[in-house]
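# Architecture at a glance
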Amino acid sequence: MPYWLALIAPPCPSSPEPGRAAAGAVPAHDLAQQQAIGCWALQYTPRVTLLDEAVLMDVQASLRLFGGARALCRRVAQEAPVLGCVALARAPTARAALALARSGSPAPALARAGWRARLDAAPLAALTAAAEHLPLLERLGCRTLGEVRALPRAGLARRCGAALLEALDQAYGERPESFEWLCCPETFEAWLELPGRVESAPALMFGARRLLLQMCGWLAARHAGVRRFVLCWRHDFHRSGVDDAGELEVRLGEPTREPEHLARLLGELLAHVTLPGPVGELGLRADAPEPLQPAGPALPLTAGRQVREGETLAQLLERLSARLGAERVRRPVLCSDHRPEAMQRWVPAAVAGAAAGSVAALPAGLPQPGWLLPQPQPLATRQNRPQHHGPLQLLAGPHRVEAGWWAVTPGEPGRAGRDYFVAWNERAGLLWIYRERVPAGTAAGWFLHGVFG
């Protein structure tokens, strides 16, 4: 038997018609919000449809995936208020779920009754087909759907048409329902009209959380994550010479669809934004989703203990970069270069891992030092032997390095022609030194470049 959930989409802030749900007419701006909520609902089931002002989900095939009906309903009930949804109900048919959502919380006497009894007690406005004939049905003495259903069918069909009987039968599960299912769009874009003008950028997080939750639902439906998204806004009033809109681009080091992490990162970035005027409308755009395999649940450790989940290293680096600035949080990246000082470079930590290169092959049989000096230190020579706290004894080498002739970038290490040796004496310990390769007849200089542990 189907298991339907109905969500009443948020009304338009500027709509003066509080009873628009009964008439079944949805303003265009509400329709955009309704479609965005429908995209969010696709993470739970592919059978999502839009009916009047509601988003309807047939989740029967998804109950086991989300831990049962109670767990799924609890999760939807937690996220629905963030999206602005004003009501949630469940029933075996779509129109029954919508009618119960419009009816609100049942009376205490009906709280434990079956769905049919609660549907019988629903007001006429709860069913769109009955709301269209509300004056006539009230003159007939009907106040609830159960009283309408008790009327003679032939007379009801003559006065109200066959559409009302068909809607009643579909709501009570006596006729099949057919819907056009919502398709998951290739890109995500949603706009939200703010209930009031916002003059501080951090205060935009109130509306941005709703948009982020919608985007993460869309990503979950596509089994994807996002590395980049854009928060957009439009100003109600602005100074002359200043654009009437603005945007903030958010880039991530790895694909994700975790709403809490995205909200923390966006909040850090908005703390550095100054708005030139009050904002009346907010939007979110993501046009480059990437395939993402969600992480599995944590494996149990000892009796009843599990690993405590928290931020990953990549998420922590992204948040610190947003708070302190990208240039203040850096990480090393290995480069394919035989010059020791060019084997790694430091880049902003939030930059994607595509900047990393391969590692140059290490010399066979020659150990590498644990520490490199920031700059090679010239060594004195005596009788053509390098000195460092006394004469040095060469233990291994040479290892020849010829590289860097291609270097044209300012600040990049230049050409290197060197012969590296492992040297030792009692006072200095093991050192990594090199001798420059120079033309014949020229004295070669010795340099200390590294120290072994």
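Parameters at a glance
Numbers given for residues are sequential positions, taken from 1 along each chain in its written order. This being a predicted model, a pLDDT of at least 70 is required before a residue's local features are given, and a value of 80 or more before pairs of side-chain atoms are given or counted; all residues contribute to the totals for chains, interfaces and linings. Side-chain metrics in this entry use all non-hydrogen atoms of the structure; hydrogen atoms and water are not considered. Along the chain, pLDDT gives the predictor's confidence residue by residue, from 0 to 100. We call two residues in contact when some of their heavy atoms are within 4.5 Å. By definition, two strands form a pair when at least two bridges between them are found by DSSP. Where helices and strands are cited, they refer to DSSP runs of H or I of at least four residues and of E of at least two residues respectively, numbered from the N terminus. In this analysis an axis means a line fitted to C-alpha atoms, helices contributing only their contacting stretch, and an angle means the value between N-to-C directions, from 0 to 180 degrees. Here a crossing is called left-handed whenever its near helix is offset anticlockwise from the far helix by less than a right angle, and right-handed whenever the offset is clockwise. Throughout this entry, Asp, Glu, Lys and Arg are counted as charged residues, while Ala, Val, Leu, Ile, Met, Phe, Trp, Tyr, Cys and Pro are counted as nonpolar. The remaining residues, Gly among them, count as polar. Buried, partly exposed and exposed residues are distinguished by accessible area as a fraction of the type maximum, computed with a 1.4 Å probe on protein chains only: under 20%, between the cut-offs, and over 50%, respectively. Summarising the geometry, the arc corresponds to the directions from the helix axis toward the C-beta atoms. Paired rings are identified among Phe, Tyr and Trp, the last through its six-membered ring, by centres lying within 6.5 Å, and are further divided according to the angle between planes into stacked (under 30 degrees), edge-to-face (over 60) and tilted (the rest). To sit over a ring, a charge needs its Lys NZ or Arg CZ within 6 Å of the ring centre and within 35 degrees of the ring normal. Each helix should span, by expectation, one fewer than its residue count multiplied by 1.5 Å.

On to the confidence of the model for the protein. For the protein, per-residue confidence averages 81 on the pLDDT scale, and residues scoring 70 or more make up 82% of the total. Note that pLDDT drops below 50 for residues 16-29; the model gives that stretch 24 contacts with residues more than four away or on any other chain. Segment residues 352-360: pLDDT under 50, and 20 contacts once partners within four positions in sequence are set aside and those in other chains are kept.

Read from one edge to the other, the open sheet built from six strands follows the order E13-E12-E17-E16-E15-E14, with strand pairing classed as antiparallel. Where the open sheet ends on each side, the last strands, each with one partner, are strand E13 (385-387) and strand E14 (393-403). Averaged over neighbouring strand pairs, the angle between their axes works out to 35° when direction is ignored. Of the pairings in the sheet, the one linking strand E12 (residues 371-382) to strand E17 (residues 446-451) comprises five bridges and is antiparallel in character. Paired with Gln-377 across the strands is Leu-448, a residue of E17.

Pairing within the open sheet is antiparallel, and its four strands lie in the order E2-E3-E1-E4. Of all the strands in the sheet, just strand E2 (48-51) and strand E4 (87-91) have a single pairing partner and so form its edges. Pairs of neighbouring strands in the sheet enclose a mean axial angle of 20°, with direction left out of account. Both strand E1 (residues 4-8) and E4 contribute to a ladder of five bridges, which runs antiparallel. Paired with Ile-8 across the bridge in E4 is Ala-87.

So, on to the packing of helix H11 (residues 205-221) against helix H12 (residues 259-270). Direction vectors running N to C along H11 and H12 enclose 145°, while the axes themselves pass 10 Å from each other. Of the two elements, H11 crosses H12, and the hand of that crossing is right-handed. Contacts from Met-205, Ala-208, Arg-209, Leu-212, Leu-213, Met-215 and Cys-216 of H11 reach H12 at Pro-259, Glu-260, Leu-262, Ala-263, Leu-266, Gly-267 and Leu-270. Its residues assigned to classes, the contact of H11 with H12 shows 11 nonpolar, one polar and two charged.

This paragraph deals with helix H9 (residues 153-160). The complete set of buried residues in H9 reads Gly-155, Leu-156 and Cys-160. In an axial view of H9, the angular spread of the buried residues amounts to 105°, which keeps them on one side of the axis. At its buried positions, H9 is contacted by helix H7 (134-139), helix H8 (145-149) and helix H10 (162-171). Of the residues one or two after H9, Gly-161 is the one with positive phi, at around 90°.

Applying the stated criterion to the full structure yields 10 aromatic pairs. Their ring planes at 50° and their centres at 5.5 Å tell us that Phe-421 and Trp-446 sit as a pair that is tilted. Here Trp-446 lies in strand E17 and Phe-421 lies in strand E15 (residues 416-425), a separation of 25 residues in the sequence. Assessed through its relative accessible area of 4%, Trp-446 is described here as buried. Of the aromatic side chains, those joined through ring pairs into one cluster are Tyr-420, Trp-432, Tyr-434 and Phe-447. Sitting above the plane of the Tyr-434 ring, Arg-418 keeps its charged end 4.7 Å from the centroid.

This brings us to helix H13 (residues 313-324). For H13, which comprises 12 residues, the first-to-last C-alpha distance of 16 Å matches the rise-based estimate of 16 Å (1.5 Å per residue) to within 8%. If you check which residues of H13 are buried, you get Gln-315, Glu-318, Arg-319, Ser-321 and Ala-322. Seen along its axis, H13 keeps its buried residues to an arc of 160°; they face one direction. Where the residues of H13 are buried, they touch strand E7 (245-256) and H12.

Sheet analysis places E2 next to strand E3 (residues 54-58), joined by four bridges and oriented antiparallel. By the bridge assignment, Thr-49 is partnered in E3 with Leu-56. Linkage of E2 to E3, two consecutive antiparallel strands, is achieved through a turn of two residues, within which Asp-52 is found at a positive phi near 55°.

Mapped onto the elements of the fold, Ile-433 is located in strand E16 (residues 429-436). Take Ile-433: its relative accessible area is 0%, and that puts it in the buried class. Separated by 15 residues in sequence, Ile-433 and Leu-448 have C-alpha atoms that sit 4.5 Å apart.

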